[in-house]
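Residue-level structural notes
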Amino acid sequence: MERAKRKLQHIEYALSTGQRRLHGFEDITFVHNSLPNISTAHIDLQTKIGELSFRSPIFINAMTGGGGEETTKINEQLAYVANECGIAMAVGSQMAALKDERERQSFTIIRQVNKRGIVFANLGSEATVEQAKRAIDMIEANALQIHLNVVQELVMPEGDRNFCGALSRIEQIVSAVDVPVIVKEVGFGMSKETARQLENVGVCAVDVGGFGGTNFAQIENKRREKQLAYFNEWGITTTASIAEVAAEVQRIRIIGSGGVQNALDVAKCIALGASAVGMAGYMLRLLIEQGVEALIAEIHQLHEDLTLIMTALGTRTIADLQNVPLVVTGATYHWLRERGIETTRYSQR
């Protein structure tokens, strides 16, 4: 199947499968602060990933591109929303545009609309240094996301079957490009072992892309004659992924994503150790079903709600929120204990 048609199917199936909310956020409870000694006027939502400064920890995560006029329109609208709300935006995989010049417009439209905003380029781990540089130049990107999607590729009928050398290619790209490199999972979560390897080759940040959001195994299974159903439940939840990685890495930042749909989810990601939080499927559905103005209003509401939550917790900054006490229970607690991570590092701080 041609790549453009596959991109459109991904959008269709992402909307039809939805998000099952199996991310683990229900296992995270904040310790209430009866004396926060703070005003909503004190709250500062700014954060940093490497040398990049963000007005908000919330950003539009990688979704689409390379699907002709339909994905061009979606990216144009998302770029407009990002510009209006002052948030960063990641594009979908640009490999389609590197292989077919006709698909460039579905990506370049983003920089045309959002001239001064923070934009992340995106390629898979099969990309070469030369392809990475072209993807960055194509949209004048401020950072590069390299996505890891092994399970998606295995379920995809026409997907890759050889994943040798991915870490080496990532290391080469990190050394060769002039922008920060973020490595992102696409919905199956990230382990502490993977994060350690990526930290050792110099990546700037990891996006855990936890299980519980858009399920690309289910999406690709809809495109198969014989389904590989055992991959539909495969992965590490968003909460367990963030906590695992936060316990392991020292020098790189963490991005939380995977089923995030409201400001409380955002706050919990940050409190577990994330510096920024990506939202994709939820925003795509809102854009498609209700339109641009509804999505803009929702992002403003997310910022207002996050401000209220941070006020209730007595946390003025994102760094303060990363150190607020919380209690981990349920399946997330069990997972972390089995993985050798002491959860009192959160409850006793």
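Residues numbered from 1 in each chain as written. Predicted model: local features only at pLDDT ≥ 70, side-chain atom pairs only at ≥ 80, totals over all residues. Heavy atoms only, no water.

Looking at an unreviewed UniProt entry, one finds the protein named Isopentenyl-diphosphate delta-isomerase, with Anoxybacillus gonensis as its source organism. Checking UniProt for the protein, the heading Function (unreviewed entry) contains the comment "Involved in the biosynthesis of isoprenoids. Catalyzes the 1,3-allylic rearrangement of the homoallylic substrate isopentenyl (IPP) to its allylic isomer, dimethylallyl diphosphate (DMAPP)." Regarding the protein, the relevant UniProt record gives this comment under Subunit (unreviewed entry): "Homooctamer. Dimer of tetramers." (UniProt positions renumbered as here; feature names shortened; annotations may be inferred.)

**Considering the pattern of salt bridges**
Scanning the entire structure with this criterion turns up 10 salt bridges. Salt-bridge contacts for Lys184 lead to Asp207; the nearest nitrogen and oxygen are separated by 3.8 Å. Of this pair, Lys184 sits in strand 8 (residues 181–185) while Asp207 is found in strand 9 (residues 205–207), placing the two residues 23 residues apart along the sequence. Lys184 gets classed as buried once you look at its relative accessible area, which sits at 9%. By relative accessible area, which is 0% here, Asp207 ends up buried. With a shortest N-O distance of 2.8 Å, Glu289 and Arg285 are connected by a salt bridge. Highlighted residues: Glu289 and Arg285, both in helix 12 (residues 281–290), separated by four residues, approximately one helical turn. For Glu289, a relative accessible area of 52% puts it in the exposed group. Through salt bridges that share partners, Glu158, Glu220 and Arg223 make up one connected network. (Salt bridge = Lys/Arg side-chain N within 4 Å of Asp/Glu carboxyl O. Helix = DSSP H or I, 4+ residues; strand = E, 2+ residues; numbered from the N terminus. Buried < 20%, exposed > 50% of the residue type's maximum accessible area, 1.4 Å probe, protein only.)

**Side note on the UniProt feature "binding site: substrate" (unreviewed entry) in the protein**
UniProt's entry tags Arg6, Lys7 and Gln152 with the feature "binding site: substrate" (unreviewed entry), counted in the numbering of this structure. Inspection of the secondary structure assignment puts Gln152 in helix 6 (residues 150–155).

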